[in-house]
Amino acid sequence: MLVYINGKFYEKEHAKISVFDHGFLYGDGVFEGIRAYNGRVFLLEEHVRRLFDSAKAIMLDIGLSKERIIEDILTTIRKNNLQEGYLRVIVTRGYGDLGLDPVNCNGVTVVIIADKLKIYPQDFYEKGMSTIISSTRKNNADTINPKIKSLNYLNNIFAKLEARHAGVFEAIMLNREGYVCECTGDNIFVVSNGKIKTPPTYLGALQGITRDFVIGLSKKLNIEIREEPFTQYEIYTADECFLTGTAAEVIPVIKVDQRIIGGGKPGKITKQISDEFKSTVKIQGIEIYK
Ligand code: PXG
């Protein structure tokens, strides 16, 4: 495997960055997870746009154009001969000293990794997965805004630990007011009376690229979809629930805090969205080997 670090490629065992990198010392950086299917990179421009927005929000100058990063991402996949895979782009404030002050950093570190990632067992996609509602609340949007895809994931990791201790793989997170926001690494949707709802991101959620794509798919399929605040009650009493994410894709949820959702089976609308998603990803995206 060849890993990109600041414009050069290194074998996996030699792909290393300094322990003085502020991404490592302070989580001072941003990242993206991107997917390639069938020789195409899915929604690459959207991911790169969000990467630049996250960087701008933390006052980090990536020092490369969007076009350059897109080219470097494609080169990384080509060098690894992949048709399918998961890409991780990481940009940190770079090498500095042990002080917190970003002024002492020497520039940015840009890393691109092309690998495989499977976060949930295949079984979950067919039978649905169980989740819990975490007692860890989302970071408030006026602190580290969850819209920034930053390297500070501790909050989400607390909730993930809670999920694993409860014997499940994912946890739903609420904001301080008790509104449903998202999961540790996925956005959330509920279906009631044939209508889909997902929380508005201003409540404290990442503007998921898959989330936005699924909103578009629902409109295309003429299924009513709304961005609307709701509480855990609307999840417990929903007909269907599903999660979306670059790694997770579209995954049905059939149990939350021991409450069975719908009939305990992936719902009809979830299946419709998931099928449409699977067929679209194969034909849409920037061709890697043209
Ligand atoms: N919310 C959060 C907090 C995320 O980190 C999503 C939603 C889904 O967004 P996209 O744009 O991918 O549709 C994410 C992204 C993992 C893992 O190992 C998950 C993400 C990122 C990195 C690792 O589960 N999720």
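For the structure given in this document, a descriptive report is provided here. Values in this document were obtained by computation on a predicted structure and should not be read as measured data. (Residues numbered from 1 in each chain as written. Predicted model: local features only at pLDDT ≥ 70, side-chain atom pairs only at ≥ 80, totals over all residues. Heavy atoms only, no water.)

### Remarks on the environment of Val-48
Inspection of the secondary structure puts Val-48 in helix α2 (residues 44-57). For Val-48, a relative accessible area of 1% translates into the label buried. It is 9.7 Å that separates the C-alpha atoms of Val-48 and Phe-31, two residues lying 17 residues apart in sequence. Setting aside residues no more than four positions away along its own chain, Val-48 makes contact with Lys-66, Ile-69, Ile-70 and Ile-73. (Helix = DSSP H or I, 4+ residues; strand = E, 2+ residues; numbered from the N terminus. Buried < 20%, exposed > 50% of the residue type's maximum accessible area, 1.4 Å probe, protein only. Contact = heavy atoms within 4.5 Å.)

### Overview of the environment of Glu-228
Position of Glu-228 relative to the elements: it lies in the loop between β12 (225-227) and α7 (232-236). What makes Glu-228 partly exposed here is its relative accessible area of 24%. Spatially, the C-alpha atoms of Glu-228 and Asp-53 are 24 Å apart, while their sequence positions differ by 175 residues. Those residues in contact with Glu-228 that lie beyond four places of it in its chain are Lys-197, Thr-198, Pro-199 and Pro-200.

### Description of empty space enclosed by the protein
Counted by the stated rule, this structure contains 2 cavities of 30 Å³ or more. Lining the largest cavity are Arg-35, Tyr-37, Phe-42, Leu-43, His-47, Ile-209, Thr-210, Gly-245, Thr-246 and Phe-277. Contributions of two or more residues to the lining of the largest cavity are made by β3 (29-37) and α6 (209-220). Residues lining the lining of the largest cavity come from more than one domain, with at least three contributed by each of domain 1 (2-115) and domain 2 (122-281). Residue assignment for the lining of the second largest cavity shows that the elements contributing at least two residues are β13 (240-245) and β14 (249-256). (1 Å grid on protein atoms, 1.4 Å probe; cavity = no way out; pocket = protein on both sides within 12 Å on 5 of 7 lines; lining within 4 Å. Points joined across faces, edges and corners; volume = space filled by probe spheres on them. Domains from an automatic or database assignment.)

### Some details on the packing of aromatic side chains
Within the structure shown, the criterion is met by 11 aromatic pairs. Each ring, one from Phe-42 and one from Phe-277, has its centre 5.9 Å from the other, and the planes form 90°; the classification is edge-to-face. Here Phe-42, found in strand β4 (residues 40-42), pairs with Phe-277, found in helix α8 (residues 268-283); they are 235 residues apart in sequence, far enough to count as distant. By the burial criterion, Phe-42 is buried, and Phe-277 matches it. Three or more aromatic residues joined by ring pairs make a cluster, and in this case those are Tyr-37, Phe-42, Phe-213 and Phe-277. The aromatic ring of Phe-9 is capped on one face by Lys-79, whose charged end is 5.1 Å from the ring centroid. Cation over ring: Arg-259 sits above Tyr-236, and NZ or CZ is 3.9 Å from the ring centre. (Phe/Tyr/Trp six-rings, centres within 6.5 Å; stacked < 30°, edge-to-face > 60°. Lys NZ or Arg CZ within 6 Å of the ring centre and 35° of its normal.)

### A few points about the sheet that holds strand β1 (residues 2-5)
With antiparallel pairing, 7 strands are arranged side by side in an open sheet as β2-β1-β6-β5-β3-β4-β16. Looking at strand neighbours, the two that pair on one side only are β2 (8-11) and β16 (286-287), the edges of this open sheet. Relative to strand β6 (residues 109-115), β1 runs antiparallel, the two sharing 2 bridges. When the sheet's bridge partners are listed, Ile-5 is paired in β6 with Val-111. Along the sheet, helix α3 (residues 66-79) makes contact with β1, β2, β3, β4, β5 (85-92), β6 and β16, crossing β6 at roughly 40°. (Pairing = 2+ DSSP bridges. Axes fitted to C-alpha atoms, helices over the stretch in contact; angles between N-to-C directions.)

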